[in-house]
Amino acid sequence: MPQKLDRAQVVDTALRLLNEVGLEGLTLRRIATELDVKAPALYWHFANKQALLDELATEMLRRLIADSEPPGDDTPWQEQLALTCRALRRALLGYRDGAKVFSGTRLTDAGHGERLEGQLRAFVRAGFDLDGAVEAYFTAYTFTVGFVIEEQAVQPMPGERSPGYDPADRAAALGPDLPLSAAAGPGLFTDYDHRFERGLAIVTAGVEALRTA
């Protein structure tokens with residue numbers, strides 16, 4: 001081995017390969033080949049693929065935090081929640097299968113804690129108890145990750161579109177007996193920016209409605 005392999009080098013290579021081959025094609029063996037080492041060399045840093053995915057998700061979050069300013073302490077909770085969800089969506093869209101990688105992973109450090117603390121403080125300042133604040137945050141977070149999983153199924157990367165999601169083809173396949181379903185294609189598989197903002201508004205309005213009910 002020409003030089004000692006470090007954890008950050010493995011992660012950088014894995015994220016680059018993720019954009020080329022996607023989550024399914026991202027294997028420890030493929031990463032080892034790219035680094036010109038034997039696969040066992042990677043097990044010194046990551047016991048298995050899940051451990052690697054946990055670190056990839058954490059690195060995505062580190063980069064998100066480094067690339068975005070935290071909301072001010074006087075930012076209303078609605079605006080702060082929207083900023084958080086938009087930043088997360090942008091970060092996940094930066095990688096092929098980014099949302100799938102991020103979903104269900106265990107973060108490997110507490111670097112996200114300061115941002116989370118700020119978000120929860122915004123809720124508490126507005127009169128939420130801690131349980132209500134956590135519920136609101138978790139609902140918006142899962143909406144964002146789930147939305148991007150569906151978005152990337154159709155548009156894996158900017159400029160790409162998966163086969164089978166053309167609204168006109170879908171309408172033709174459903175036929176005239178299902179007119180509403182046939183006409184729903186554009187609303188399901190296009191204009192993701194608009195649909196994300198609408199969904200985020202629905203989540204925010206729901207949080208507000210339940211808080212004041």
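Residues numbered from 1 in each chain as written. Predicted model: local features only at pLDDT ≥ 70, side-chain atom pairs only at ≥ 80, totals over all residues. Heavy atoms only, no water.

- Naming follows an unreviewed UniProt entry, where the chain appears as TetR/AcrR family transcriptional regulator C-terminal domain-containing protein of Kitasatospora cinereorecta.

### Points about the overall build of the chain
Okay, step 1: Looking only at helices and strands, one finds 12 helices and 0 strands in the chain.
Okay, step 2: Order of helices (α) and strands (β) in the chain, N terminus to C terminus: α-α-α-α-α-α-α-α-α-α-α-α.
Okay, step 3: If one aligns the C-alpha atoms of the chain with their principal axes, the spans along those axes are about 60 × 50 × 25 Å.
Okay, step 4: Going through the 213 residues of the chain one by one, you find that 39% of them count as buried.
Okay, step 5: Restricting to contacts in the chain with at least 6 residues of sequence separation, those with at least 24 account for 71%.
Okay, step 6: If you average the places of the 23 positive and of the 31 negative side-chain charges in the chain, the two averages end up 4 Å apart. (Helix = DSSP H or I, 4+ residues; strand = E, 2+ residues; numbered from the N terminus. Buried < 20%, exposed > 50% of the residue type's maximum accessible area, 1.4 Å probe, protein only. Contact = heavy atoms within 4.5 Å. Lys, Arg positive; Asp, Glu negative; His and termini not counted. Charge placed at Lys NZ, Arg CZ, Asp CG, Glu CD.)

### What about the nonpolar core?
Okay, step 1: Residues I31, L42 and L56 are the most contacted members of the largest nonpolar core, which totals 34 residues.
Okay, step 2: Of all elements in the fold, only α1 (7-25), α2 (28-35), α4 (49-67), α5 (77-93), α6 (98-102) and α8 (130-154) reach the threshold of two or more residues within this core.
Okay, step 3: Setting aside anything within four residues of it in sequence, one finds I31 in contact with V10, T13, A14, L17, L26, L42 and L52.
Okay, step 4: L81, F123, A140 and V207 belong to the second-largest nonpolar core, a separate cluster that totals 19 residues. (Core = buried A, V, L, I, M, F, W, Y, C linked by side-chain atoms within 4.5 Å.)

### Let's talk about the packing of helix α7 (residues 113-125) against α8
Okay, step 1: It is the contact of α7 with α8, at a shortest axis distance of 9 Å, that shows an interaxial angle of 120 degrees. Considering the angle they form, α7 stands oblique to α8. Both α7 and α8 take part in a crossing whose hand is right-handed. Listed contacts from α8 to L116, Q119, L120 and F123 of α7 are L130, A133, V134, A136 and Y137.
Okay, step 2: Considering only residue class, the contact of α7 with α8 consists of 8 nonpolar, 1 polar and no charged. (Axes fitted to C-alpha atoms, helices over the stretch in contact; angles between N-to-C directions. Parallel < 35°, antiparallel > 145°, perpendicular 65-115°, else oblique. Left-handed = near helix turned anticlockwise from the far one by under 90°. Nonpolar A, V, L, I, M, F, W, Y, C, P; charged D, E, K, R; others polar.)

### Structural notes on the pattern of salt bridges
Okay, step 1: A full pass over the atoms with the stated rule returns 14 salt bridges.
Okay, step 2: Here D109 and R62 are joined by a salt bridge, their closest N and O atoms 2.8 Å apart. One end of the pair, D109, is in the loop between α6 and α7; the other, R62, is in helix α4, and 47 residues separate them in sequence.
Okay, step 3: The class for D109 is partly exposed, based on a relative accessible area of 30%.
Okay, step 4: A relative accessible area of 30% places R62 in the partly exposed class.
Okay, step 5: A salt bridge links R211 to E208; the nearest nitrogen and oxygen atoms lie 3.4 Å apart. Of this pair, R211 and E208 both sit in helix α12 (residues 192-212), 3 residues apart, roughly one helical turn.
Okay, step 6: Residue class for R211 comes out partly exposed when judged on its relative accessible area of 34%.
Okay, step 7: Look at E208 and you get partly exposed, because its relative accessible area is 25%.
Okay, step 8: Among the charged side chains, a network of salt bridges with common partners joins R7, D12, E55, E59, R62, R63 and D109. (Salt bridge = Lys/Arg side-chain N within 4 Å of Asp/Glu carboxyl O.)

### Brief notes about the side chain of D54
Okay, step 1: Within the element layout of this structure, D54 appears in helix α4.
Okay, step 2: Although D54 is buried, it forms no salt bridge, and the closest oppositely charged side chain is R106 at an N-O distance of 6.4 Å.
Okay, step 3: If near-sequence neighbours (up to four positions away) are discounted, D54 is found in contact with T105, R106 and T108.

### Points about the UniProt feature "DNA-binding region" (unreviewed entry) in the chain
Okay, step 1: The UniProt entry lists residues 27-46 under the feature "DNA-binding region" (unreviewed entry), expressed in the numbering used here.
Okay, step 2: In this annotation, residues 27-46 is assigned 60% helix and 0% strand; the end-to-end C-alpha distance for the span is 12 Å. (UniProt positions renumbered as here; feature names shortened; annotations may be inferred.)

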